[in-house]
Amino acid sequence: MPLHLIKLAVGIRDLDHLTEVQGRRAVKADGGTVVPVYTRRVPKRGDDILAGGSIYWVVKGSVTVRQRVLAIDTGVDEEGEAYCTLGIDAALVPTVPTAHRPFQGWRYLEPAAAPRDLADAGGQGDELPAHLAAELRSLGLL
């Protein structure tokens, strides 16, 4: 089974805003669109993630969407600091909204703990308009 990552979408208001921000960073590669995500730490279990894993985004205290991880690259910046670039699929896959506490960086997410895709949830957590979902989250109702 693939391993997943979970990360806070810092400064992101809702899924529309995430789409807008990632659209500015997206690049064409191998016939598809890839969005680079920069981080300092390299996942030690990268092979498990590349075997079909996704990055799950926590937006305003709730896991709401995931994107498939396509590549993991490393580099060194101009100050000599190592960094990691995750190449993720530009397609956003909405998940059943699941509350999650804040944390720093990213964490591994075992498949059994990952929220289900909204399309596979059988009506559980029907998708709300982004502005309504954001308002309900701000009120602590989602």
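Note: the structure precedes this text.
This structure is a prediction, so every number in the text was calculated from the model and none was measured.

Undergrad: Provide a residue-level description of the overall build of the chain, including the pertinent values.
TA: Along the backbone of the chain there are three helices and eight strands. Taken from the N to the C terminus, the helices and strands of the chain come in the order β-α-β-β-α-β-β-β-β-β-α. Every one of the 142 residues in the chain was classed for burial, and the buried ones make up 40%. The long-range share in the chain, meaning contacts at least 24 apart out of those at least 6 apart in sequence, stands at 66%.

Undergrad: Explain the nonpolar core to me, and be specific about the residues and the numbers.
TA: With 19 residues, the main nonpolar core has Ile 55, Trp 57, Leu 86 and Ile 88 as its most contacted residues. The contacts of Ile 55, once residues within four sequence positions are left out, are Leu 5, Lys 7, Val 65, Arg 66, Gln 67, Val 69, Leu 86 and Ile 88. With eight residues, the next largest nonpolar core counts Ile 6, Tyr 56, Phe 103 and Ala 114 among its residues.

Undergrad: Pulling in residues and values, what's your account of the packing of aromatic side chains?
TA: One pass over the structure, following the stated rule, counts two aromatic pairs. For the pair Trp 106 and Tyr 108, a centre-to-centre distance of 5.1 Å together with 75 degrees between the ring planes defines the contact as edge-to-face. In this structure Trp 106 comes out as buried when scored by relative accessible area, which is 5%. By relative accessible area, which is 31% here, Tyr 108 ends up partly exposed.

Undergrad: Outline the environment of Pro 115, listing residues and values.
TA: Within the secondary structure, Pro 115 sits in the loop between β8 (106-109) and α3 (130-138). Relative accessible area serves as the criterion here: at 12%, Pro 115 is assigned to the buried category. Distance in space between the C-alpha atoms of Pro 115 and Val 96 is 6.0 Å, their sequence separation being 19 residues.

Undergrad: Help me get a handle on the pairing of strand β6 (residues 82-89), residues and values and all.
TA: Where strand β3 (residues 32-39) meets β6, six bridges bridge the pair, whose relative direction is antiparallel. Considered in β6, the bridge of Val 35 is made with Ile 88. Two elements, strand β5 (residues 62-76) and β6, share seven bridges in a ladder whose sense is antiparallel. When the bridges of β6 are listed, Ile 72 appears paired with Leu 86. What sits between the antiparallel neighbours β5 and β6 is a turn of five residues, in which Gly 80 has the positive phi angle 85 degrees.

Undergrad: Which residues make up the environment of Ala 9, and what are the values?
TA: When you line up the elements, Ala 9 lands in the loop between β1 (4-8) and α1 (15-25). Remark: the alpha-carbon pair of Ala 9 and Tyr 56, spanning 47 residues in sequence, is separated by 9.4 Å. In this view, Ala 9 contacts Trp 57, Val 58 and Val 59; residues no more than four positions away in its chain are not counted.

Undergrad: Any chance you could break down unusual backbone geometry for me, citing the residues and the numbers?
TA: With phi around 55 degrees, Lys 60 is a residue other than glycine that occupies positive phi space. Here Lys 60 shows up in the loop between β4 (54-59) and β5.

Undergrad: Kindly report on the pattern of salt bridges, identifying the contributing residues and their values.
TA: Applying the stated criterion to the full structure yields five salt bridges. Across the pair Glu 110 and Arg 45 runs a salt bridge whose closest N-O atoms are separated by 3.7 Å. Highlighted residues: Glu 110 in the loop between β8 and α3 and Arg 45 in the loop between β3 and α2 (46-50), separated in sequence by 65 residues. On the basis of relative accessibility, which here comes to 42%, the residue Glu 110 falls in the partly exposed class. Residue classification places Arg 45 among the partly exposed positions, given a relative accessible area of 35%. Among the charged side chains, a salt-bridge network with shared partners connects Arg 45, Asp 48 and Glu 110.

About the criteria used
Residues numbered from 1 in each chain as written. Predicted model: local features only at pLDDT ≥ 70, side-chain atom pairs only at ≥ 80, totals over all residues. Heavy atoms only, no water. Helix = DSSP H or I, 4+ residues; strand = E, 2+ residues; numbered from the N terminus. Buried < 20%, exposed > 50% of the residue type's maximum accessible area, 1.4 Å probe, protein only. Contact = heavy atoms within 4.5 Å. Core = buried A, V, L, I, M, F, W, Y, C linked by side-chain atoms within 4.5 Å. Phe/Tyr/Trp six-rings, centres within 6.5 Å; stacked < 30°, edge-to-face > 60°. Pairing = 2+ DSSP bridges. Salt bridge = Lys/Arg side-chain N within 4 Å of Asp/Glu carboxyl O.

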